[in-house]
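What the coordinates show
Listed below are the residues making up each chain.
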Amino acid sequence: MVGEIKINNVYKSFKSLDPSKEDTLALNGVDLKIEPGSFVSLIGPSGCGKSTLLRIIGGLDKATSGELFLDGNKIIKPGSDRGFAFQGSNLFPWLTVEKNIAFGLKARHIYKKEKEEVQKFVDLVGLKGFEKSYPHQLSGGMQQRASLARALVGHPSVLLLDEPLGALDAFTRMTLQDEILKIWKQNNMTMLMVTHDVDEAIYMSDKVVVMSSRPSKVEEIIDIDLPRPRARSQDTFQQYRTRILDVLNLGGKIEEVEYYL
Ligand SMILES: Nc1ncnc2c1ncn2[C@@H]1O[C@H](COP(=O)(O)OP(=O)(O)OP(=O)(O)O)[C@@H](O)[C@H]1O
C-alpha cells in the first residue's frame, strides 16, 4: 500500500521581517512515521506549528532543515500524490462545483481522460444535483464536501486535512466525520488531519500525535485501539480523552485563581 510518510528531524524557522525581532522557531526537530493507509490526527496548542508541518508535507513550504519522504521519495514540492483540504472550503467562488472539482485535473491536462471522475467524486461526497451550483449557493457543509471532492479527484495517496470541519456546526461536523471515514476506507489512502477537537481526533484516528507548544516537537503518539465505528460515550473513549488532555496539560491542572474584590 502507498502513502507512507517519514519525517526526519524537521526544523522550521520563519525569518522576522523586523530586524529587531527574533525569528520564529516553529518546528524544533519533528520526527514522525506515518503508516500507509492510516488515519492520523495532529493535535497541539494553538500556534505550535501543526499547519506549518502539514504545509511542508504538502510541499507548499520548505523545512529549514531535516528531510521528509513520501513512499521513499524526498518531498521537495507539491505533487498530485498529496491532496489538500483546508478549513473553510477554499473553493473558487467564480466556478461551479463541477468546475472547482475539475480544476486540478485541467491544470494537469488530464481533464478529458478523467472527466467522468468528476461526476464520480460529486456522487461520492453527496453533491449530486448541485454540479452547476456556485459556492455561495451551498451551505457550509456542502462547500466542505465540494472541497473534499476537489482534493480527492486526482487520487492522491495522502490527503492532508487542515481543520477541515472547524467552521461547521456540531451536527454537520459529525456527519462529515463519518463521510470522511467512509472515503478513507473506500480509497485506501493515508489521511493526516490537523484538528483542535480532541473527540474528533479520537473518533477518527488510528493514532493521535500530540505536539508540544512552540517551538514544537512530537510530545506523544497515542494509539487509539478502539473498534470502528466508535461510540463517543463509551468508557474507553473517555479514558483516551482524559489521557490526551493530560498530555496537552489541560486535564484540570489549571492553577486555582484567587479573586480580590
Ligand atoms: N509564513 C509565516 N511567516 C512567519 N511566521 C509564520 C508563518 N506561518 C506560521 N508562522 C508562525 O509559526 C508558528 C506556527 O504557526 P502554525 O499556523 O503552523 O500553527 P498551528 O499550530 O497550526 O496554529 P493554530 O492551531 O492556531 O491554527 C506561529 O507562531 C505562526 O505565527
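Residues numbered from 1 in each chain as written. Predicted model: local features only at pLDDT ≥ 70, side-chain atom pairs only at ≥ 80, totals over all residues. Heavy atoms only, no water.

A closer look at the sheet that holds strand β5 (residues 73-74)
Read from one edge to the other, the open sheet built from four strands follows the order β2-β1-β4-β5, with strand pairing classed as antiparallel. The open sheet terminates on both sides in strands that have one partner only, identified here as β2 (24-34) and β5. The pairing of strand β1 (residues 5-14) with strand β4 (residues 65-70) spans five bridges and is classified as antiparallel. Within the sheet, the bridge partner assigned to isoleucine 7 lies in β4 and is leucine 68. Lying over the sheet, helix α1 (residues 50-58) contacts β1, β2 and β4, oriented at roughly 120 degrees with respect to β1. (Pairing = 2+ DSSP bridges. Helix = DSSP H or I, 4+ residues; strand = E, 2+ residues; numbered from the N terminus. Contact = heavy atoms within 4.5 Å. Axes fitted to C-alpha atoms, helices over the stretch in contact; angles between N-to-C directions.)

What about the packing of aromatic side chains?
Within the structure shown, the criterion is met by four aromatic pairs. Pairwise contacts between aromatic rings join Phe92, Trp94 and Phe103 into one cluster. Here arginine 150 stacks its cationic end above the ring of phenylalanine 92, 5.1 Å away from the centre of that ring. Lying over the aromatic face of tyrosine 203, arginine 232 brings its terminal NZ or CZ to 3.8 Å of the ring centre. (Phe/Tyr/Trp six-rings, centres within 6.5 Å; stacked < 30°, edge-to-face > 60°. Lys NZ or Arg CZ within 6 Å of the ring centre and 35° of its normal.)

With respect to unusual backbone geometry
Along the chain, arginine 214 connects to proline 215 via a cis peptide bond; the corresponding omega equals -5 degrees. Tracing the backbone through its elements, the reader meets proline 215 in the loop between β9 (207-211) and β10 (218-223). Going from arginine 228 to proline 229, the amide bond is cis rather than trans, its omega being -5 degrees. In the Ramachandran plot, aspartate 71 falls in the positive-phi region, its phi being about 50 degrees despite a non-glycine side chain. Relative to the assigned elements, aspartate 71 resides in the loop between β4 and β5. Accessibility expressed as a relative area gives 30% for aspartate 71, which makes it partly exposed. In this structure, asparagine 188 takes a positive phi of about 50 degrees despite not being glycine. (Buried < 20%, exposed > 50% of the residue type's maximum accessible area, 1.4 Å probe, protein only.)

Overview of the layout of surface pockets
Estimates place the volume of the largest pocket at around 620 Å³. Looking at the lining of the largest pocket, the elements that each hand over two or more residues are β6 (82-86), α2 (97-107) and α4 (140-152). (1 Å grid on protein atoms, 1.4 Å probe; cavity = no way out; pocket = protein on both sides within 12 Å on 5 of 7 lines; lining within 4 Å. Points joined across faces, edges and corners; volume = space filled by probe spheres on them.)

Some words on the pattern of salt bridges
For the coordinates displayed, the defined rule picks out 14 salt bridges. For lysine 12, the salt bridge is made with aspartate 61, and the minimal N-O distance between the two is 3.2 Å. With a gap of 49 residues between them, lysine 12 in strand β1 and aspartate 61 in the loop between α1 and β4 connect regions that are remote in the sequence. Assessed through its relative accessible area of 21%, aspartate 61 is described here as partly exposed. Across the pair glutamate 179 and arginine 145 runs a salt bridge whose closest N-O atoms are separated by 3.0 Å. Taken together, the residues span a long stretch of sequence, with glutamate 179 in helix α5 (residues 170-187) and arginine 145 in helix α4 at a distance of 34 residues. Of the two residues, glutamate 179 and arginine 145, neither departs from the other in class, the shared state being buried. By sharing partners, the salt bridges in this structure join Arg173, Asp197 and Glu200 into a single network. (Salt bridge = Lys/Arg side-chain N within 4 Å of Asp/Glu carboxyl O.)

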